[in-house]
Amino acid sequence: MIAHWDSKYETNISEIDSQHKKLFRLINNIETVYEENKHHLSGKSKILLDAVSELEDYTLSHFLIEERVMELNQYPNLEAHIQQHNKFTDKILDLKNRLGQGNLLSNDELLDTFFKDLIGFLRAWLTNHILKEDLDYKPFIKFSI
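Rules used in this analysis
- In every chain, residue numbers begin from 1 and rise along the written sequence.
- A pLDDT threshold of at least 70 governs which residues receive local features in this predicted model, and a stricter bar of 80 or more applies before side-chain atom pairs are shown or counted, although totals over entire chains, interfaces and linings include all residues.
- Values shown for side chains rest on all heavy atoms present in the structure; no hydrogens or waters enter the calculation.
- Put simply, DSSP H or I for four residues or longer makes a helix, DSSP E for two residues or longer makes a strand, and each gets a number counted from the N terminus.
- We call two residues in contact whenever any of their non-hydrogen atoms come within 4.5 Å of each other.
- Any N or O atom pair separated by 3.5 Å or less is treated as a polar contact, with the protein-specific requirement of one donor-capable and one acceptor-capable atom, and with residues adjacent in sequence counted only for side-chain atom pairs.
- Only buried residues count toward a nonpolar core. Its members are Ala, Val, Leu, Ile, Met, Phe, Trp, Tyr and Cys residues joined through side-chain atoms within 4.5 Å.
- Only protein chains enter the calculation, and the probe is 1.4 Å; a residue is then buried if its accessible area is under 20% of its type maximum, exposed if over 50%, and partly exposed in between.

Here we take up the environment of T127. Inspection of the secondary structure puts T127 in helix 4 (residues 108-137). With 15 residues separating them along the chain, T127 and K142 place their C-alpha atoms 23 Å apart. With residues up to four places along the chain from it excluded, the contact list for T127 reads Y9 and F24. A distance of 3.4 Å separates a polar side-chain atom of T127 from the backbone oxygen of A124.

Structure below.
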């Protein structure tokens, strides 16, 4: 099931909300490729690897901007929030490295399992992180970039 943007995710910071929407689109893109090519993912390994790389790059950029907004507004839980971002970044890097190792990209069964788990992780992390961690800083934000 593809995750859909909903007003409950809004931080009312236009740049952050726009970036969150793009993160939803990037995850949905990975899920669409997965769903349309299940059991034959090895033929789409380049597309999938590129999609994961794009998600990683965009997430890193988003985190920097989000952290800067929190810093400008003296958000008291900034360090804990950064730790959450770092854990996510480490996990994505680890998954991306796993994807590029061994015969994973040529094994449809292993790819199915890998991407099913990846999509579940991404969807849960993004929605939970926005609803819990990001909405916690919402009342503190007076200035945006």
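Before going further, it helps to spend a moment on the nonpolar core. Ranked by internal contacts, the top residues of the largest apolar core, which has 29 residues, are I30, L55, L99, F114, F115, L118 and L122. Going through the elements one at a time, helix 1 (14-37), helix 2 (45-72), helix 3 (78-99) and helix 4 are the ones with two or more residues in this core. The greatest single-element share of this core, amounting to 9 residues, is contributed by helix 4. When neighbours within four sequence positions are excluded, F115 is seen to be in contact with I30, Y34, L41, L48, V52 and L99. Grouped together as the second largest cluster of nonpolar side chains are 9 residues, I16, Y75, L78 and I82 included.

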